[in-house]
Amino acid sequence: MEEMLSKFQPGVLPHHFVVQTLANLSVSNVFGMVPFLTSILSTMLPMLSAAKPDSMRVVFCCALQRFSESTLEYLADLDQAPDPTVRKDAFATDIFNAYDILFHHWLQSREAKLRLAVVEALGPMSHLLPSEKLEEQLPKLLPGVLGLYKKHTETVHVSKSLGQILEAAASVGSRTLDVQLDSLLAALHAQICVPVESSSPLVMSNQKEVLRCFTVLACCSPDRLLAFLLPKLDTSNERTRVGTLQVVRHIINSAAAQMEVKQPFILSSMKLPLLDTNSKVKRAVVQVISAMAHHGYLEQPGGGAMIEYLVQQCALPPDAEPQKLGADSEALAADGVRAIGVSTLYLLSTTVHRMGDVLWPHLLEFLIPVRFTGALTPLCRSLVHLAQKRQEAGAHALLIQYDGNATLPSPYAMTTRLLAVSSSPYLGDGRGAASLRLLSVLRRDIHPRLGQRWATAIPLLLEHLDGHTEETLSRKEWEEKLLMFLRDTLAVVSDNTWICQLSLEMCKQLPSYDGTPLEKNFLYKCIGTTLGAASSKEVVRKHLQELLETARCQEESEREGLACCFGICASSHLDDTLAQLEDFVKSDVFRKSAGIFNIFKDRSEKEVEKVKSALILCYGHVAARAPRELLLARVESDIFRNMSQCFSTKVLGIKVETKDPALRLCLAQSVCMASQAICSSSHGSSFQLLRKPELVAQMTEFIKAEPPDSLRTPMREKAMLACTYLASLEPALEGQAQADLIHSCLHGVMAVLPEPEGVDGHQEPLYLDTVQALKDLLTSLLQRNMTPQGLQVMVEHLSPWIKSPRGHERARALGLSACLLQYFLKHVHVSALVPFHNLGLLLGLFSPRCADLWPATRQEAVSCVYSLLYLQLGYEGFSRDYRDDVVEQLLTLKDGLVHPDPATLFHTCHSIAQITGKRLPPDQLISLLLTLFESLGDPDKNCSRAATVMINCLLKERGNVLLEKVPEIVSMLRSKLQETRGEHVLQAAQHSVYVLAARHHAAVVSSLLGSPLPFDSHTCTLWRALAVEPSLTTQVLGLLLEKMSRDVPFKESRAFLLSSAPDRVATLLPLAATCALYEVASAPASGPAVLELYPQLLAALLLRVSCTVGVQPPRNLQAKERKSASSGLASRRLEPCSSAVEALQAVLLRGGNDDVVQRMELEGGWQLLRTSAGHEEGVTRLASAMAKFAGPRLPLMMKALFATQSSVHEIQRVSSTAFLAELLSSNVVNDLMLLESLLDNLLARQKDVCARVRRLVLRGLANIASGSPDKVRAHGPQLLTAMIGGLDDGEDPHSLVALEAMVGLARLLDLVEAWDLRSVLLHVAIRIRPFFDSEKMEFRSASIRLFGHLNKACQGGCEDVFLEQVVGGLAPLLLHLQDPQPPVAAACRFALRMCGPNLECEELAAIFQKHLQEDRGLHFGEFLNTTCKHLMHHFPDLLGRLLSTSLFYFKSSWEDIRAAAPMLTGFLVLHVEAERRPQVDLEQLLAALQLLLQDPAPAVRVKAAETLGRLVKFA
């Protein structure tokens, strides 16, 4: 302290931390510091005037505040102080001097911080001022402090200082307060009405300091304070009212003695605040009421209103409390009005002893009114506590004394009320348990007999509630327990009067529960239970009538409650209940006339429908609850009949049914309950329900009327449940009625669009219940026909949904199917070993779905297959509990189908097919396959592919037993391809055909050949599938070759009776085989097989081409084409020859001979092959191309063609001969050493009956000259013999063979041995001479050219006999130089050139060589003149022969030759020597010339005249 004082010297302004430290020391060490304060203050006072900085002044203010506070504390504990002599007066002068500077100088500063420091110091300093000085300063001090409220937002320091000043003033009994009171109250009230921010501690502290000020004023001037406050409660301003209520509550607690006499005034002033609906006001009012309760206010008149208000706040619904966005919204949310009310009521009941007599039994009055329902839980808890306290005071006395308490509820009312609200036990903070506890406490007051029973029963009910939560408690089970409790109560009471009174009270309270349908529904059940226990039939019928008249049937829950009431009552009073219902049905309620009951006067038609709904529902519940031994006799006559009467009315004698959905639903529900009751009867199985068809039809119509794509009401569920129970009754449904029912139910459920699943993945309960109802119905119908046929009927109904393109429909259908199969498997009884004849069909339907896009569908499909296989085992005689290791593998596969990848998925399908194949009877295999084929066109591509996998697996595993079914399978594949165009289906069908053909290739080929011609694209696809594997393809091609060659290629028939020549019509089988062979060979994969059978294929197809040239398609195909043409549809025309040519091309291409095909294309060979006229040439060109590009393949092909020598078809022999003949023109046959065999074969054909064959043989033999000229000499005799034979062929009417022989000889003569030729020269010359003048150019040209070759071959060694032939041929050759055909003229030039040397006349030979060259023009007259000159000179003896030959040509058919003949004659005569003239027959010559002068051709006439002129020398 000395150190500190050393730094605090007079006259020197200390450091502000020194002053601050002294201030802090005075507070922390009061007893040690206060004795030094006098000296410190005396030193400090001069410093105040010297302190200029505001910061220094603030420190001095703080020091004065701390010094004053420590001094006051010291004086308060003076008995414990070290210096008891210290007195307040010792500080008075210094404090007043400091006060003067602070208040009059520093308080006026503009610095807010300084002003607050000043006002904080003035508060404690006012207690140290002398009394007279304080009284003197108060008129200025109080306004000065109050004025700071306007200058500062943070007013807590002002309020605190003001409170200290007021306390100081009150302690000295100042009269100034009375003068300043109004301004004080106004300022303080304004501060208390400032909205409180819970997050601002300064504002809260300010509120407390302001209330402290009000406490001081209340003690000083209570009357003026109340006169100021109470009128403020009447204002409507929220802040004003809330602030005022806070002050009232505070002064009730803090100034209890002063306020005690003011209680009536305060209570009366609360009337308007009690009516305020503002939550803040309510909260403040509840707090005031709590304060009042502690100080006896509520015992005064008007206190009851406070209690009622408190209960009203407890009854506020939690969600109805307004949550305003404001400063105190969080506080209200955390501590709402209701919560404050509930806690206040309970605290008053349990902690304020004097409130016991006030609250009991007054709180009982709030149990019954509906407006206090929300307060039931706190009410019951308070009442239980109050009752238990009273019981402790008097154990055997009744708690409720009704004497003089007319407003108290009766035992019946309390029982009804508490029981009804207990049905919703978790509402209102658990009012169920609270109500039951109150009932337990009041059990003796309810009825004396209930004490022991309720003491046991109610704890059990409470224990049940404790064991559950609102989510786990089953309302149905809980209501049943309460109803059992009620029944037990009624049985214990066993007093009809009491029971009737209770039922009356229950009916009376019914309208109170209009806003709580669940509780009202339960109360209806309580009424039914109570009436069931009543023995008075009059009371029962009276109450039932009243219930019917007053029920609010527009409400669904009320209809249900009313029906439950009637049903429960009917369990004891069936006859009275039915009678009352029938009376009501017969009443005017349905007539809608003016004379009906008042209750129905204003009811519209819609409201009447609701009444009907309630009545129908009542009948349903009556049937459900009625004693079973009495029900069967009444169900048709009293129940179903009246239901029908209520449902439909008659207008002008016509039955009209309602469209009201509620009425329909009620009828369905009631029919369901009634039929279920019949089924549960001991005689239900034999009971004949005559109305069954009518009821089922009605339910079916209800289901059909529902919207197909949505599920909004339980109509479907109720109707299907009704049909489920009806189906089990007699008589059995007719087939069509059952089918219609199933179809309607399936369509009503399957087509419903799926609802989005909830957060936890669960579906809507309504949908699940509806699906379960459908399952129950289908199993009920199946139960009546537990045979494979009955199962098949069910599955047939499900089949369209199983194959639906919509995933949710498939999933539902598979789920139903699995359910039906499991039921069938579980309940079927196989009495004998009978076949499960439709197993294959069912397996084929379900198996592909194992690959469905929906996981649920996949798993259900496996379940279906699993059940079906066990059904099969059952029909085979295995016991129901037998477990097959193979079938059990399906369960393992099923688990892997949840989220598989595609490879795993189809591998699983393959495994399922293997398992199925192992357990499937052979006779079921085909039906399974055919059904799987149907699945190839499934909209779900996964299922289609799965069907493919399964088909192929089954064909591999069990294909050996399918031989007889191959045609059916192939036909199904074709039809599937026609129906479905998917690429995957195409591949599936191809693979299936391949797998099947691997086992039964002959059957598959035969079946495919039976397809309609022309093959469509799908059939072609299947043919190409047989080309996948070489060995199979080889077998298929071999079969096709056999079928193409086995049957006759065509049949001859006359299209018309008068037609000249028969038409050739192709036969079907070879034609189909040809088309098939083309398709197989077109597949790239067929290459190896084609190469293996290449020679056979080429030979057969070549022959096939030859047989189909000019052949018409079969008659049926022609008709089809005509029909397509007439209908305008494009159709591919099937030409037999073209199909064979295309097949031949395909084989060549697949065999690698593309160059052959291209060469034929360039040369037009393919087109020639198709025509009759060009066919031989086409074959020739093909052979030529083959010889050039495919030589190594010729040996085997020749061998195949050799075999056709004996073919019965002439055209085949022609084609093969043409092909072989052309080969000889190529050297390849020599290279391959094929010449000898080829010659032998051709020579063997020389005797063929067909002239064309013989002609082609000669052509082939002649081709040796081109292909193997070095081999001609070796085979000369054979060749010449063959050619001579051709010249001598007399069986050819057209001499074409001879023509070919002449052409061939011309080619061979230069190559044969001279010796071989000499022996045949004369013969050949003689044989060809007649052809010189043939009408056909080819014959003339060939014969003349051959004649030239004969001369050429004999040059230098011509025999006389041959020379004679040469001389004899001179005249024709000279004349034919003028032949109109250039080839003939050219042949004559060649022949004459060759003849020249043999005439042994050099002049003639020179002339022939000079004038007759091929490329030189000829002056015929000059040439002829020169020639004749030399002839007559060297061979005069030939004149006669030459003239006679010349005269022969005077009659030639060719004009040029007729003109040349007289020229030859004239030149011969001109150059004849005189001695030879007699050899000329002049008369004959003249006559001939004269005839020529008459020739129509001018040139002939001119030449004849010229010749006549040359005959002058004979004159």
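Just so it is clear, the structure is predicted and the values come from calculations on it, not from any experiment.

When helices and strands are counted, the protein shows 77 helices and four strands. For the protein, whose C-alpha radius of gyration is 66 Å, the value lies well above the compact-globule estimate of 36 Å for 1515 residues. Taken along the three principal axes of its C-alpha coordinates, the protein extends 210 × 110 × 65 Å. Expressed as a percentage of the 1515 residues in the protein, the buried residues total 55%. Residue pairs in contact within the protein that sit at least 24 positions apart in sequence constitute 75% of those at least 6 positions apart. Here the protein has roughly 64,500 Å² of accessible surface; of this, 54% comes from carbon and sulfur atoms. Taking the average place of the 149 positive charges on the side chains of the protein and the average place of its 161 negative ones, the gap between the two points comes to 3 Å.

In this description, an aromatic ring pair is defined by two values, namely the gap between the centres and the angle between the planes. This model, assessed by the stated rule, comprises 12 aromatic pairs. An angle of 25° between the planes, with centres 5.6 Å apart, marks the rings of Phe-1331 and Phe-1339 as stacked. With respect to class, Phe-1331 is no different from Phe-1339; both count as buried. Their ring planes at 45° and their centres at 6.0 Å tell us that Phe-1408 and Phe-1423 sit as a pair that is tilted. On the criterion of sequence distance, the pair formed by Phe-1408 in helix H72 (residues 1402-1411) and Phe-1423 in helix H73 (residues 1420-1434) is long-range, its members being 15 residues apart. Across this residue pair, the class does not change: Phe-1408 and Phe-1423 are buried. Here the aromatic residues Phe-96, Tyr-99 and Phe-103 are joined through ring pairs into a cluster of three or more. The ring of Phe-96 has Lys-133 sitting right over it, with the charged end atom 4.7 Å from the ring centre.

Disulfides are covalent bonds that connect the sulfur atoms of two cysteines. Tallying each qualifying case throughout the model produces zero disulfides. Of the cysteine sulfurs around Cys-213, a residue in no disulfide, the closest is that of Cys-220, at 11 Å.

It is worth spelling out the pattern of salt bridges at this point. Applying the stated rule across the entire model yields 54 salt bridges. The partner of Lys-520 in a salt bridge is Glu-558, with the nearest N and O atoms 2.7 Å apart. Pair noted here: Lys-520 is in helix H28 (residues 517-533) and Glu-558 is in helix H30 (residues 556-570), with a separation of 38 residues, a long-range link. For Glu-558, a relative accessible area of 6% translates into the label buried. In this structure, the salt-bridge partner of Arg-716 is Glu-706, at a minimum N-O distance of 3.9 Å. Separated by 10 residues along the polypeptide, Arg-716 in helix H36 (residues 715-727) and Glu-706 in the loop between helix H35 (692-705) and H36 bring together distant segments of the chain. With respect to class, Arg-716 is no different from Glu-706; both count as buried. The network of salt bridges with common partners includes Asp-514, Lys-520, Arg-552, Glu-555 and Glu-558.

What follows is about the nonpolar core. Grouped together as the largest cluster of nonpolar side chains are 516 residues, with contacts concentrated most on Phe-846, Trp-1023 and Phe-1219. In this view, Phe-846 contacts Val-795, Ile-802, Leu-814, Ser-817, Leu-821, Ala-861, Cys-864, Val-865 and Leu-868; residues no more than four positions away in its chain are not counted.

What follows deals with the confidence of the model for the protein. Summarising the model, the protein shows a mean pLDDT of 84, and 93% of its residues fall at 70 or more. Contacts of residues 320-334 to residues separated by more than four positions or lying in other chains number 16 contacts, the stretch itself having pLDDT below 50. Segment residues 592-602 is flagged for pLDDT under 50; beyond a separation of four residues in sequence, or across chains, it makes 12 contacts in the model.

Let's shift gears to helix H50 (residues 1017-1025). Every α-helix carries 3.6 residues per turn, so stepping three or four residues along brings you back to the same face. Burial analysis of H50 places seven of its nine residues in the buried class, which makes it a mostly covered element. Listed in full, the buried residues belonging to H50 are His-1018, Thr-1019, Cys-1020, Thr-1021, Leu-1022, Trp-1023 and Ala-1025. Of the surrounding secondary structure, the elements contacted by the buried residues of H50 are helix H47 (966-979), helix H48 (983-999), helix H49 (1001-1009), helix H51 (1030-1046) and helix H52 (1068-1082).

This part takes up the side chain of Asn-278. With respect to the element layout, Asn-278 can be found in the loop between helix H15 (271-275) and helix H16 (279-294). In this structure the side chain of Asn-278 is engaged in a polar contact, spanning 2.8 Å, whose partner is the backbone nitrogen of Lys-280.

All right, on to the packing of H48 against H50 then. Two elements in contact, H48 and H50, have axes separated by 8 Å at closest approach and are oriented at 50°. Classified by the angle their axes make, H48 and H50 are oblique. Note that H48 runs across H50; the crossing there is right-handed. Here H48 contributes Leu-986, Ala-989, Gln-990, Val-993 and Tyr-994 to the contact with H50, which in turn contributes Thr-1021, Leu-1022 and Ala-1025. Taken together, the residues of the contact of H48 with H50 sort by class into six nonpolar, two polar and no charged.

Cis geometry is found at the peptide bond from Glu-730 to Pro-731, where omega equals 0°. Note on placement: Pro-731 falls in the loop between H36 and helix H37 (735-750). In this model, Leu-1013 is joined to Pro-1014 through a cis peptide bond whose omega is -5°. Its location among the elements puts Pro-1014 in the loop between H49 and H50.

Here we come to the environment of Lys-262. Its place among the elements puts Lys-262 in the loop between helix H13 (256-259) and helix H14 (263-268). As for Lys-262 and Ile-678, which are separated by 416 residues in sequence, their C-alpha atoms are 76 Å apart. Here Lys-262 is in contact with Asp-223 and Leu-226, once residues within four sequence places are set aside.

Once that is clear, we can look at the environment of Gly-1164. Within the secondary structure, Gly-1164 is located in the loop between helix H57 (1154-1163) and helix H58 (1165-1170). Sequence-wise, Gly-1164 and Gly-1509 are 345 residues apart; in three dimensions their C-alpha atoms are separated by 57 Å.

By the element assignment, Asp-576 lies in helix H31 (residues 574-585). Using a relative accessible area of 12% as the deciding quantity, one classes Asp-576 as buried. Beyond its immediate sequence surroundings of up to four residues, Asp-576 is in contact with Lys-537 and Arg-541.

Here we take up the packing of helix H23 (residues 427-441) against helix H25 (residues 450-466). At a minimum axis separation of 10 Å, H23 and H25 run at an interaxial angle of 170°. Classed by the angle they form, the pair H23 and H25 counts as roughly antiparallel. In contact with Gly-432, Ala-433, Leu-436, Arg-437, Leu-439 and Ser-440 of H23, H25 contributes Trp-454, Ile-458, Leu-461, Leu-462 and Leu-465. Across the contact of H23 with H25, the residue classes break down as eight nonpolar, two polar and one charged.

Quick look at helix H64 (residues 1251-1262) now. Taking 1.5 Å of rise per residue, the 12 residues of H64 would be expected to cover 16 Å, and the 17 Å separating its terminal C-alpha atoms lies within 8% of that figure. The complete set of buried residues in H64 reads Val-1253, Arg-1254, Arg-1255, Leu-1256, Val-1257, Leu-1258, Gly-1260, Leu-1261 and Ala-1262. Structurally, H64 contributes buried residues whose contacts are with helix H59 (1175-1189), helix H61 (1210-1223), helix H63 (1235-1244), helix H65 (1264-1267), helix H66 (1276-1287) and helix H67 (1296-1308).

Residue placement: Arg-806 occurs in the loop between helix H39 (788-802) and helix H40 (807-827). Under the relative-accessibility criterion, Arg-806 is labelled partly exposed at 43%. C-alpha separation for the pair Arg-806 and Leu-778, spaced 28 residues apart in sequence, amounts to 22 Å.

Scoring rules and cut-offs
- Residues numbered from 1 in each chain as written.
- Predicted model: local features only at pLDDT ≥ 70, side-chain atom pairs only at ≥ 80, totals over all residues.
- Heavy atoms only, no water.
- Helix = DSSP H or I, 4+ residues; strand = E, 2+ residues; numbered from the N terminus.
- Rg over C-alpha atoms; globule rule 2.2 N^0.38 Å.
- Buried < 20%, exposed > 50% of the residue type's maximum accessible area, 1.4 Å probe, protein only.
- Contact = heavy atoms within 4.5 Å.
- Areas by Shrake-Rupley, 256 points an atom, 1.4 Å probe, with all protein chains shown as cover.
- Lys, Arg positive; Asp, Glu negative; His and termini not counted.
- Charge placed at Lys NZ, Arg CZ, Asp CG, Glu CD.
- Phe/Tyr/Trp six-rings, centres within 6.5 Å; stacked < 30°, edge-to-face > 60°.
- Lys NZ or Arg CZ within 6 Å of the ring centre and 35° of its normal.
- Disulfide = S-S within 2.5 Å.
- Salt bridge = Lys/Arg side-chain N within 4 Å of Asp/Glu carboxyl O.
- Core = buried A, V, L, I, M, F, W, Y, C linked by side-chain atoms within 4.5 Å.
- pLDDT = per-residue confidence, 0-100.
- Polar contact = N/O pair within 3.5 Å; in protein donor to acceptor, adjacent residues only side chain to side chain.
- Axes fitted to C-alpha atoms, helices over the stretch in contact; angles between N-to-C directions.
- Parallel < 35°, antiparallel > 145°, perpendicular 65-115°, else oblique.
- Left-handed = near helix turned anticlockwise from the far one by under 90°.
- Nonpolar A, V, L, I, M, F, W, Y, C, P; charged D, E, K, R; others polar.
- Expected span 1.5 Å × (residues − 1).

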